[in-house]
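Below, each chain spelled out in residue letters.
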Amino acid sequence: MSASRHELHTLAGPYALDAVSDADRAGFATHLSECEQCREDVREMREAAARLGLAASVMPRPDLREQTLRAAFASAQLAPVVPAAAPSPPGLLAEKDLVSEAQNSPGSPADTSAPEPGAAAASGVTGWQRLRGRAGAMRPPARISLAAAAVLAAVAAVLGGVTSSALRQLDRSKQQDHLIAAVLSAPDRVMVTAPVMTGGTATLIMSHQAGAAVFTAHGLVALPSTEGYEIWLMGPTGDRAAGMVTPQAGGMAGPEVVRGLRPGDMVGVTVEPARGASHPTSVLVVVFKPRP
Amino acid sequence: MTEEDGRKDCEGLAPATAATAAVPRLDDLISAVALGDERAYEALYDRSCGWVLGTVRRVLRDPAQAEEVMQEVLLEIWRSASRFDPAQGSAVAWVMTIAHRRAVDRVRSERSHATREQRAATAVIDYDDVTEAVQASLDRERVRRCLGSLTELQRECVGLAYYSGYTYREVAELLSLPPGTVKTRMRDGLIRLRDCLGVA
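Residues numbered from 1 in each chain as written. Chains lettered and ligands numbered in written order. Predicted model: local features only at pLDDT ≥ 70, side-chain atom pairs only at ≥ 80, totals over all residues. Heavy atoms only, no water.

K.L.:
Which residues make up the interface of chain A and chain B, and what are the values?
P.N.:
Interface size is commonly expressed as the accessible area that is lost once the parts come together. At the interface, 63 residues of chain A touch 72 residues of chain B. For the pair chain A and chain B, the summed buried area comes to about 6100 Å², and 58% of that belongs to carbon and sulfur atoms. Considering only the side of chain A, the residues that lose the most area to chain B are Leu52, Arg65 and Arg275 of chain A, jointly responsible for 12% of the buried surface there. The interface formed by chain A and chain B contains 7 salt bridges. (Contact = heavy atoms within 4.5 Å. Buried area = accessible area lost by both parts, 1.4 Å probe. Salt bridge = Lys/Arg side-chain N within 4 Å of Asp/Glu carboxyl O.)

K.L.:
Tell me what's going on with the environment of Pro179 of chain B, and back it up with residues and numbers.
P.N.:
Residues and elements named next belong to chain B. Along the chain, Pro179 turns up in helix α9 (residues 179-197). On the accessibility criterion, Pro179 (37% relative accessible area) is partly exposed. Residues Pro179 and Thr167 lie 12 residues apart in sequence; the distance between their C-alpha atoms is 9.9 Å. Residues within four places of Pro179 in sequence aside, it is in contact with Tyr168 and Ala172. (Helix = DSSP H or I, 4+ residues; strand = E, 2+ residues; numbered from the N terminus. Buried < 20%, exposed > 50% of the residue type's maximum accessible area, 1.4 Å probe, protein only.)

K.L.:
I'd like a rundown of the nonpolar core, residues and numbers included.
P.N.:
Formed by 84 residues in total, the largest nonpolar core has its most connected members in Leu17 and Phe28 of chain A together with Val56, Met186, Leu190 and Leu193 of chain B. Examining the composition of this core, we find that 12 residues originate from one element, helix α2 (residues 38-60) of chain B, more than from any other. When neighbours within four sequence positions are excluded, Leu193 of chain B is seen to be in contact with Ala48 and Leu52 of chain A together with Cys146, Leu147 and Leu150 of chain B. If you look at the next biggest cluster of nonpolar residues, it comprises 26 residues, including Val192, Ala202, Leu204 and Ala242 of chain A. (Core = buried A, V, L, I, M, F, W, Y, C linked by side-chain atoms within 4.5 Å.)

K.L.:
For unusual backbone geometry, give the residues involved together with the corresponding values.
P.N.:
Unusually for a residue other than glycine, Asp18 of chain A sits at a positive phi of about 60°. Residue position: Asp18 of chain A is located in the loop between α2 (12-16) and α3 (22-32). A relative accessible area of 3% means that Asp18 of chain A is categorised as buried. Of note, Arg61 of chain B is a non-glycine position whose phi angle comes to about 70°, a positive value. Within the secondary structure, Arg61 of chain B is located in the loop between α2 and α3 (63-80).

K.L.:
Please provide a residue-by-residue account of the sheet that holds strand β7 (residues 253-259) of chain A, values included.
P.N.:
Residue and element names in this part refer to chain A. As summarised here, the arrangement of the 4 strands in space is β2-β3-β4-β7, forming an open sheet in which the pairing is antiparallel. Edge strands, defined here as strands with exactly one partner in the open sheet, are β2 (190-195) and β7. Geometrically, the sheet is characterised by an average inter-axis angle of 20° between neighbouring strands, direction not taken into account. In the sheet, β2 pairs with strand β3 (residues 201-207) via 6 bridges, with the strands oriented antiparallel. By the bridge assignment for β3, Pro195 is matched with Thr201. (Pairing = 2+ DSSP bridges. Axes fitted to C-alpha atoms, helices over the stretch in contact; angles between N-to-C directions.)

K.L.:
Please set out the confidence of the model for chain A residue by residue, giving values where relevant.
P.N.:
Residue and element names in this part refer to chain A. In this model, chain A carries a mean pLDDT of 70, and residues with pLDDT of at least 70 account for 64%. Element-level mean pLDDT values for chain A span from 33 in helix α6 (residues 89-104) up to 96 in α2. The low-confidence segment residues 83-154, where pLDDT is below 50, has 117 contacts with residues more than four positions distant or belonging to other chains. (pLDDT = per-residue confidence, 0-100.)

K.L.:
Tell me about helix α5 (residues 63-73) of chain A, residues and numbers included.
P.N.:
Since the α-helix advances by 3.6 residues per turn, residues separated by three or four positions end up pointing in the same direction. Along α5 of chain A, the positions that sit buried rather than exposed are Leu64, Arg65, Thr68, Leu69, Ala72 and Phe73 of chain A. Buried residues in α5 of chain A, looked at end-on, bunch into an arc of 150°, giving them a common side. (Arc of directions from axis to C-beta.)

K.L.:
Could you give me a rundown of the pattern of salt bridges, with the residues and numbers involved?
P.N.:
Overall, the coordinates contain 21 salt bridges over all chains when judged by the stated rule. With a closest N to O distance of 3.1 Å, Arg51 of chain A and Glu47 of chain A form a salt bridge. Residue Arg51 of chain A and its partner Glu47 of chain A are located together in helix α4 (residues 36-54), separated by 4 residues, close to a single helical turn. Looking at Arg51 of chain A, the relative accessible area reads 14%, which means it is buried. Linked through salt bridges whose partners overlap, the residues forming this network are Glu68, Glu72, Glu76, Arg102 and Arg106 of chain B.

K.L.:
Hey, could you go over α3 of chain A for me, with residue numbers and the actual values?
P.N.:
Turning to α3 of chain A, its buried residues are Asp24, Arg25, Phe28, Ala29, His31 and Leu32 of chain A. For α3 of chain A, the angular spread of buried residues about the axis comes to 160°, placing them on one side.

Laid out in structure tokens, this is it:
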């Protein structure tokens, strides 16, 4: 262990320069969480490396400004990281609630307004599930688009509870509300639930018409503050980062809007450094695959 | 946010100019952005877009791709502003780390199609350009001078990694050196650079 530990120490320089393979990066990121000296080393070296970048500054075309601002303001922001807390009773209750609800309505009719296109199947035990009776929230478009707030409440109900901080976070971005509404009201929406390898259950509601999906989870394992769950769109043209989710009390996470969904995309989740990665660097803990 | 003339322009360099009373600190801007403050984000864009584009373009070399990645980076800054932790480094380093990481990821996926020979050839050109890239302003001059205080090997290792996006193993191959040597040179080079620049 100490030999490999020494090996890891020597990666600080390459790591600060991003001169490591994805595998090395993942290994070192884990090491960093338990090596204070390494964190300090990396911090200092990154300050120096940043100046190499500053020295190369060039002005972008002026028209990129408007374009970039518009794209940003239309994008959801990640919730602040809440200091890690032990799962609290409310969270557990919410989770239990969801389970018992599911058990109480095993035969509840599937939402007939949700078609079953060849859209998605979850790898894993649970597999493909259609929207159940509890999803009274899945209403036709006209009703769903009435009020973003109602949609949010509906989402909360469907997904078995959302923390109030998550709701406040959602409240901040009208665009996100609209997108959630668009996904929930899209005729081609499908909902998939799958177990998360490391613990917990993830749910994805996706719509190719809306070009987006809504991700939520409960019972997720808490991660060290240096790590987070990152959502990926994985398609024929490569992997795209689609947002970080941070479990709150009881391992609740989301709803997180996954934008830019394209036909053929899989949606997966990996554990990454808290600031996110640009490509998945660890195993997928859950993946929703398009149906062949 | 405060009124700023020339809002449409990016600052070229020097986070030090942010010390002017009327200009908010980069940290504060990021904190405001984390709360969804659009004006703060505009100011942050103006402050950092030149840094981001410059870094990304050094690595990617393709201007169109660089613009695309610059936008991705600034989007990521908007999205993940709440994750900025001053305890883990300066705001400048946070922004630049995101920018560099994205650029490197992109250039590597582009390169995965290229042959080893082509990569080696590109690397030499890349590195020759590095010194040109850092010669415009006083700050550039300072960085250039500090790069000059590195040994040639340190400078090559740091430059090939930072400006060309190679992993230390690739740098080792390009320079025909043992990977362990390259790792050490990168570290030593960065530490010397840090001391020379007086950062951290």
